[in-house]
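# Observations on the model geometry
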Amino acid sequence: MNNIVVVKFGGSSLANAEQFRKVKNIILSDERRRYIVPSAPGKRHSKDYKITDLFYLCHAHVQQHISFDGVFEIIEERYKEIVRELDISLDIGGYLKEIKNKIAEGATPDYTASRGEYLNGLILANFLNVDFVDAAEVILFDKYGYFDSESTKKAISEKLNSIERAVIPGFYGAMPDGNIKTFSRGGSDITGSIIARDVEAKLYENWTDVSGFLMADPRIVENPKPIEEITYKELRELAYMGATVLHEEAIFPAREGCIPINIKNTNAPEDKGTIIINDDEGKNQMGTITGIAGRKDFTVIAVEKAFMNAEIGFGRRLLSILEAYGVSFENMPSGIDTMSVVIADSQLDNKLDKILEEIKRQCNPDTIQVIPNMALIATVGRGMARSIGISEKIFTSLARNNVNIRMIDQGSSEMNIIIGIEASDFERAINSIYNAFV
Ligand code: ASP
């Protein structure tokens, strides 16, 4: 492993000249920070635009044969202002003109959207006085548009090995014919993670506008504690329940290369942030939890049938009905004569009645009950495994706070206890679990 740190800066970290200056200080304060991945300029305040959204809008205007001059002007002004205030000599107007022409000629949405990162990368490289490496040269996709890990690895090591410091724009790469291809939205996180893996970095720093993950949603729990250390697996569990700071797919390349990811705050660089580590590393956390996350808007379909346990194929029939309707389920707690499936409302659309009809027909249950307005809460932590008394703490605290638990599910890894409750108890339940442990 090399003594290299790959750093990625999100949109809010590069939203204006002042933010660029903070970024420069961060980079120059540690010479190991050699490869720098920027996002496009994000929002400067809550009512502001994200440059990427504006580029997509330009493309949509061209598709509808409407002039995109007005939208492009806002983009131009943002970049020109940054260049002016940083006082650098970069012909940003020339680049903008070329890009505008290409968009007008019907450039693809991927090309159009990727220009946000491209231009920000040019500015940052110039401001730092380091090399600019176009992501189209090193982040490679195959001809079907799938990320090509092998070719990328080769291109990155060939290109970056000899470069002391470089800026490589996030979010996009190129297909074999040279056409630009982007990752999904927020994909600069993925670019950073790939580069970290392929230069065998010691650390991947992901700089954003929060000091890492918090143990619970601050809109629900007042002043929740930050999470200093979390494993990839724990993060997956929490992210799936709604805690997002990092793009979901960004975990995998870093994890493959055993590279820790440090979520840091550009506006408070001295804060430790959260460090995401390998599943088998980290301090012993016996008896503690790492975080709590949850989501509302679930429906439970509960079926009951005498001697269900002896009826071969019952579960398969039930699940194949969901499959036939293209519905995925979250959990499936069951008892000896009961089986329930917990489904996100967004999955159900208008399919519920048809699914119920089909269950009655194919499974012939004694009763079938629909419980709407459910919420799921996941209490997650590697310290929960083989630690006695964790569930007792959760359930006692919920009972004390008058929360009725309708469903319980503990994974065999013992790293996660999921409970299903009424949506109206959601906030109270999260606060009571938090207070029981913190
Ligand atoms: N700028 C892109 C987006 O807004 C990618 C990123 O910020 O990571 O989705």
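The present account deals with the structure reproduced in this document. Treat the numbers as computed from the prediction; the structure is a model and nothing was measured. Throughout, a residue's number is its position along its own chain's written sequence, starting from 1. pLDDT decides what is reported in this predicted model: residues at 70 or higher carry local features, side-chain atom pairs at 80 or more are listed and counted, and totals for whole chains, interfaces and linings draw on all residues regardless. Values shown for side chains rest on all heavy atoms present in the structure; no hydrogens or waters enter the calculation.

## What to know about the site of the ligand
- Nearness here has a simple test: a residue counts as near a molecule or strand if at least one of its heavy atoms is within 4 Å of that partner. Around the ligand, the neighbouring residues are Ser39, Lys50, Thr52, Glu117, Phe171, Arg185, Gly186, Gly187 and Ser188.
- In protein, a polar contact requires one atom able to donate a hydrogen and another able to accept it; more generally it is a pair of N or O atoms within 3.5 Å, and residues adjacent in sequence count only if both atoms are side-chain atoms. Taking Thr52, its side chain carries an N or O atom lying 2.7 Å from a nitrogen atom of the ligand.
- Here an oxygen atom of the ligand and a backbone polar atom of Gly187 are 3.4 Å apart.
- Just so you know the grouping, Ala, Val, Leu, Ile, Met, Phe, Trp, Tyr, Cys and Pro go in nonpolar, Asp, Glu, Lys and Arg go in charged, and all remaining residues, Gly too, go in polar. Taken together, the residues of the shell around the ligand break down into one nonpolar, five polar and three charged.

## Some points on helix H4 (residues 92-104)
- Counting from the N terminus, the helices are DSSP H or I runs at least four residues long and the strands are E runs at least two residues long. Expected span of a helix, by definition, is 1.5 Å for each gap between consecutive residues, and there is one gap fewer than residues. With 13 residues, H4 should reach 18 Å at 1.5 Å per residue; the first-to-last C-alpha distance of 18 Å fits that figure.
- If you check which residues of H4 are buried, you get Ile92, Leu96, Ile99 and Ile103. Along H4, the residues classed as buried sweep out an arc of 65° about the axis, all on the same side.
- Looking at the buried residues of H4, the elements they touch are helix H2 (51-63), helix H3 (69-86) and helix H5 (109-128).
- Following H4 by one or two positions, Gly106 has its phi on the positive side, about 95°. Here's how the labels work: a residue is buried when its accessible area is under 20% of the maximum for its type, exposed when over 50%, partly exposed in between, all with a 1.4 Å probe on protein chains only. Throughout, the arc means the angular range of directions from the helix axis out to the C-beta atoms. Contacts: residue pairs with any heavy atoms within 4.5 Å of one another.

## Quick look at the nonpolar core
- Put simply, buried Ala, Val, Leu, Ile, Met, Phe, Trp, Tyr and Cys residues joined by side-chain atoms within 4.5 Å make one nonpolar core. Counting 120 residues, the largest nonpolar core has Ile123 and Ile195 as its most contacted members.
- Among the elements that take part in this core, H5 stands out by supplying nine residues, more than any other.
- Excluding anything up to four places from it in sequence, Ile123 contacts Phe20, Tyr79, Ile82, Val83, Leu86, Ile88, Leu90 and Ile92.
- One finds Val303, Leu318, Val327 and Leu356 within the second-largest nonpolar core, a separate group that totals 16 residues.

## Here's the deal with the pattern of salt bridges
- What makes a salt bridge here is a side-chain nitrogen of Lys or Arg within 4 Å of a carboxyl oxygen of Asp or Glu, nothing more. Applying the stated criterion to the full structure yields 28 salt bridges.
- Between Asp425 and Arg428 there is a salt bridge whose closest N-O contact spans 2.6 Å.
- Taking the relative accessible area as the measure of exposure, Asp425 reaches 9% and is therefore buried.
- The partly exposed category is assigned to Arg428, whose relative accessible area is 36%.

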